[in-house]
There are 2 protein chains.
Amino acid sequence: MSKVLVTGHKNPDTDSISSAIVYAYLKNQLGVDAQPVRLGEVNKETAYALDYFQVESPVFADENVQQSVEEIILVDHNEEQQSIDDRENFKVIEVIDHHRIANFETMDPLYYRAEPVGCTATILLKLFKEKNVDIPKDLAGLMMSAIISDSLLFKSPTCTDEDIQAARELASIADVDVESYGLEMLKAGADMSGKTPDDLLTMDAKLFEVENYQLEIAQVNTVDVADVLENKDDITKKMDEIIQEKQLSVSLFVITDILNNDSTVVARGEDSGKVECAFDVDLDDDTAVLKGVVSRKKQIAPVLMKEFSTKTKV
Amino acid sequence: MSKVLVTGHKNPDTDSISSAIVYAYLKNQLGVDAQPVRLGEVNKETAYALDYFQVESPVFADENVQQSVEEIILVDHNEEQQSIDDRENFKVIEVIDHHRIANFETMDPLYYRAEPVGCTATILLKLFKEKNVDIPKDLAGLMMSAIISDSLLFKSPTCTDEDIQAARELASIADVDVESYGLEMLKAGADMSGKTPDDLLTMDAKLFEVENYQLEIAQVNTVDVADVLENKDDITKKMDEIIQEKQLSVSLFVITDILNNDSTVVARGEDSGKVECAFDVDLDDDTAVLKGVVSRKKQIAPVLMKEFSTKTKV
């Protein structure tokens, strides 16, 4: 049987890395030759989790790794623009995800498991149970880390009761205190020292397509918003370069305060006025504060996309 | 809580009708106000099953039924052109399906459960178990009927071991002999007496889109192919009308012999030459026999779509 790659999205976060590792492990236990890969650098938060639980990072999906592989499994994403380059060269045989479905098409039936929960790891926990496979302590720790990351320690509106239950169950397997570990992990991820504008705008950026519009939303977590925006002029200059390069209608930079659970956004692009309409705010020097907004997936992307869409979508 | 409609595809078959009824029942047991609906007439095969197990047909999803409904659940399909008209007026909150994914997009995360098995009912059986809900005898009979229908009594290449296991388990709940019941049900569905060319070409027709091409594949099951093609000139005339009306590249009429498990196809349309390439056959008077081919989903649609596609798809 030939090898199957398990991959999360570009600009990988803790869920994308952890879920690739964990789902590849589950497939291995079920007799499939699955290898986890990553589509970008491991961020500081994920590095903290991998180091804490002593799990190796997946390898980068370079040409060598992709060689002679025909089938891939997607975790934590489905949209083509967030996925492995030249995806049409592979056959997607499974998807495990918790996002909206878009820009995804197959020729053949496949296994697709999406649930409207806060984290892919929450769905993976169910799959382990359905398949009667035990979760090793270190992988339980990674899955718990993914839930903490996606839910900002249960404070995001994307977080469901199922996610909280799953995190607590996994914490007990991993033998870790979820609250204290979680805060340390988030702080490690929120450390923006030494980050260039380019780093800040690419470390967790996602591209969304609505009809003919391209929107990019970059997000960072921090405990000090002013610190991140210290070199704001350099940041907006970089945003304009990215807009030019990718032909974006809007580039949105979201700085989420993980202590206060608000977000400051910087908006650039010729359609940045739509950001004002979408969130009912006034941009002052390209900047506005979105009170109580922490989730790109639930509170930012759909709101902005609806503003750009000419029709109601399912 | 407002009502949710559960709907299968247009030109409903036994799986689309049964799965709508059965999944609405499961949702009801879980506290959701779900109502099964249908998007077309109940065919003879499905009518046999509904009558045998004394289950009422779902109501037709007319304007009255749709009124004040905001959310829908799709079973046995996902592609927009096979779905309820003006789907953008609804929010799709769940999909349970066993087909390829295409022409499907949402703004928000949802529950999407697809598996590469032969029948939606096979997946529903798992969901009942996962939710710890007992399946009533009559609904087990319908689910078994759906599997028999989609798998042509386990002879289709779409049929998996899971489907066979599920059908046997459901037969035991329904207290029915799967082989003898199955043959009678298939024969009831294969009765083409009194069918006009229009009936034959619309009773189970599915539209497929590949890039800018529109392909329609209509399929009927029979025990006597010659009988179905008795008025072949009228049938090809009707096919040409449909091609004109829907601007099709190809209209394919598939007559599947459920006793011999071969299919005779009639192809019309300016790109009907691609049918010859796709299946490596010569059309003689628009007609060819495809040996061992019984499954539109697995043996016809993907083969033909790959012929029309200019690129490899996932």
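On a predicted model such as this, the values are computed, not experimentally measured, just so you know.

Reading guide: rules and limits
Residues numbered from 1 in each chain as written. Chains lettered and ligands numbered in written order. Predicted model: local features only at pLDDT ≥ 70, side-chain atom pairs only at ≥ 80, totals over all residues. Heavy atoms only, no water. Buried < 20%, exposed > 50% of the residue type's maximum accessible area, 1.4 Å probe, protein only. Helix = DSSP H or I, 4+ residues; strand = E, 2+ residues; numbered from the N terminus. Pairing = 2+ DSSP bridges. pLDDT = per-residue confidence, 0-100. Axes fitted to C-alpha atoms, helices over the stretch in contact; angles between N-to-C directions. Contact = heavy atoms within 4.5 Å. Salt bridge = Lys/Arg side-chain N within 4 Å of Asp/Glu carboxyl O. Phe/Tyr/Trp six-rings, centres within 6.5 Å; stacked < 30°, edge-to-face > 60°. UniProt positions renumbered as here; feature names shortened; annotations may be inferred. Polar contact = N/O pair within 3.5 Å; in protein donor to acceptor, adjacent residues only side chain to side chain. Domains from an automatic or database assignment. Nonpolar A, V, L, I, M, F, W, Y, C, P; charged D, E, K, R; others polar.

Student: Would you explain the pairing of strand E10 (residues 262-268) of chain A in this entry?
Tutor: In summary, the side chains of a regular strand alternate between the two faces of the sheet. All names here are of chain A. Taken across its 7 residues, E10 has 6 buried, putting it largely inside the fold. Between the antiparallel neighbours strand E9 (residues 250-257) and E10 lie 4 residues, among them asparagine 261 with a positive phi of about 60°. Relative to strand E11 (residues 287-290), E10 runs antiparallel, the two being bridged by 4 bridges. Across the sheet, the residue bridging to threonine 264 is valine 289, located in E11.

Student: Before we go on, may I ask you to explain the confidence of the model for chain A in this structure?
Tutor: One rule of thumb: low pLDDT means the predicted coordinates there are not for detailed reading. Per-residue confidence for chain A gives a mean pLDDT of 95, with 98% of residues at or over 70. The complex model carries a pTM of 0.87, and its ipTM stands at 0.86.

Student: Is there a simple way to explain the sheet that holds strand E10 (residues 262-268) of chain B in this structure?
Tutor: All names here are of chain B. Sheet architecture is open: 5 strands sit in the order E7-E8-E9-E10-E11, paired in mixed fashion. The open sheet has two edge strands, strand E7 (205-210) and strand E11 (287-290), and neither has a second partner. Ignoring strand direction, the axes of neighbouring strands in this sheet form an average angle of 25°. Across 6 bridges, the pairing between E7 and strand E8 (residues 213-222) is antiparallel. Each bridged residue has a counterpart across the sheet, and for glutamate 209 the counterpart in E8 is glutamine 214. Contacts from helix H10 (residues 232-246) reach E8, strand E9 (250-257), E10 and E11 within the one sheet, and its direction differs from that of E10 by about 55°.

Student: Would you explain the pattern of salt bridges in this entry?
Tutor: Think of it this way: side chains of opposite charge can pair up when their charged atoms draw near. Residue and element names in this part refer to chain B. If you walk through the whole model with that rule in mind, you get 42 salt bridges over all chains. Note that arginine 100 is salt-bridged to glutamate 79, the shortest N-O span being 2.9 Å. Separated by 21 residues along the polypeptide, arginine 100 in the loop between strand E5 (91-97) and strand E6 (111-114) and glutamate 79 in the loop between strand E4 (71-75) and E5 bring together distant segments of the chain. Note on glutamate 79: relative accessible area 3%, which makes it buried. Between lysine 126 and glutamate 162 there is a salt bridge whose closest N-O contact spans 3.0 Å. Here lysine 126 is found in helix H4 (residues 120-130), whereas its partner glutamate 162 is found in helix H6 (residues 161-174), with 36 residues between them in sequence.

Student: Explain the packing of aromatic side chains to me, please; I cannot follow it from the model alone.
Tutor: A ring pair, where both rings are aromatic, is described by two values, the distance of the centres and the angle of the planes. By the definition in use, this model includes 17 aromatic pairs over all chains. For the ring pair Tyr25(A) and Phe128(A), a centre distance of 6.4 Å and an interplane angle of 20° mean the geometry is stacked. Remark: Phe128(A) occurs in helix H4 (residues 120-130) and Tyr25(A) occurs in helix H1 (residues 14-29); sequence separation between them is 103 residues. Where Phe53(B) meets Tyr181(B), the ring centres are 5.4 Å apart and the plane angle is 55°; that geometry is what we call tilted. Taken together, the positions of Phe53(B) in the loop between helix H2 (44-52) and strand E3 (59-60) and Tyr181(B) in helix H7 (residues 178-189) put the pair 128 residues apart, joining distant regions of the chain. Cluster of aromatic residues (ring-pair linked, three or more members): Tyr48(A), Tyr52(A), Phe53(A) and Tyr181(A).

Student: It is not clear to me how unusual backbone geometry should be interpreted in this structure. Could you clarify?
Tutor: Generally, phi is negative for residues other than glycine and the peptide bonds are trans, each holding for most cases. In this structure, Leu152(A) takes a positive phi of about 45° despite not being glycine. Assessed through its relative accessible area of 7%, Leu152(A) is described here as buried. For Gln247(B), which is not a glycine, the phi torsion comes out positive at approximately 55°. You can see Gln247(B) is positioned in the loop between H10 and E9.

Student: Is there a simple way to think about the UniProt feature "binding site: Mn(2+) 2" (unreviewed entry) in chain A in this case?
Tutor: All names here are of chain A. In the numbering adopted here, UniProt assigns the feature "binding site: Mn(2+) 2" (unreviewed entry) to Asp15, Asp76, His98 and Asp150. What stands out for the annotated residues spanning 136 residues is how close their C-alpha atoms remain, the widest pair being 10.8 Å apart. Among the secondary structure elements, aspartate 76 is positioned in the loop between strand E4 (71-75) and strand E5 (91-97). Setting aside anything within four residues of it in sequence, one finds aspartate 76 in contact with His9, Asp13, Asp15, Ser16, Ile96, Asp97, His98, His99 and Thr120. Only 3.0 Å separates the side chain of aspartate 76 from the side chain of serine 16, close enough to count as a polar contact. Residues in contact with aspartate 150, not counting those within four places in the same chain, are Asp13, Asp15, His98, Gly118, Cys119, Ser156 and Thr158. Within the structure, the side chain of aspartate 150 is placed 3.4 Å from the side chain of histidine 98, a separation counted as a polar contact.

Student: Can you help me understand the domain arrangement of chain A in this one?
Tutor: Residue and element names in this part refer to chain A. According to the domain assignment, chain A contains domain 1 (4-190) and domain 2 (197-309). Each of domain 1 and domain 2 was reduced to a C-alpha centroid, and the two centroids are 25 Å apart. Every contact between the two is made by 19 residues of domain 1 and, on the other side, 20 residues of domain 2. At the junction of domain 1 and domain 2, the tally comes to 0 salt bridges. The tally of links from domain 1 across to domain 2 stands at 3 residue pairs in polar contact (both at pLDDT 80 or more). In terms of residue class, the side of domain 1 that touches domain 2 is made up of 5 nonpolar, 10 polar and 4 charged.

Student: What is the right way to look at the pairing of E6(B) in this model?
Tutor: With burial as the criterion, each face of E6(B) is covered, one bearing Tyr111(B) and Arg113(B) and the other bearing Tyr112(B) and Ala114(B). In this sheet, E6(B) lies alongside strand E6 (residues 111-114) of chain A in antiparallel orientation, the contact comprising 3 bridges. Counterpart to Arg113(A) in the pairing with E6(B) is Arg113(B). As judged from the 4 bridges shared by E5(B) and E6(B), these two strands associate in the parallel manner.

Student: Please clarify how the UniProt feature "binding site: Mn(2+) 1" (unreviewed entry) in chain A should be interpreted in this entry.
Tutor: All names here are of chain A. Per the UniProt annotation, the sites labelled "binding site: Mn(2+) 1" (unreviewed entry) are His9, Asp13 and Asp76. Look at the named residues: they lie 68 residues apart in sequence, but the longest C-alpha span between them is just 9.5 Å, so in the fold they bunch up. Here histidine 9 shows up in the loop between strand E1 (4-7) and H1. According to the relative accessible area criterion, histidine 9 is buried, its value standing at 1%. Excluding anything up to four places from it in sequence, histidine 9 contacts Ser16, Leu39, Val75, Asp76, His77, Gln82 and Lys206. Overall, the relative accessible area of 12% leaves aspartate 13 in the buried class. Sequence-distant contacts of aspartate 13, defined by excluding residues within four places in its chain, comprise Asn43, Thr46, Asp76 and Asp150.

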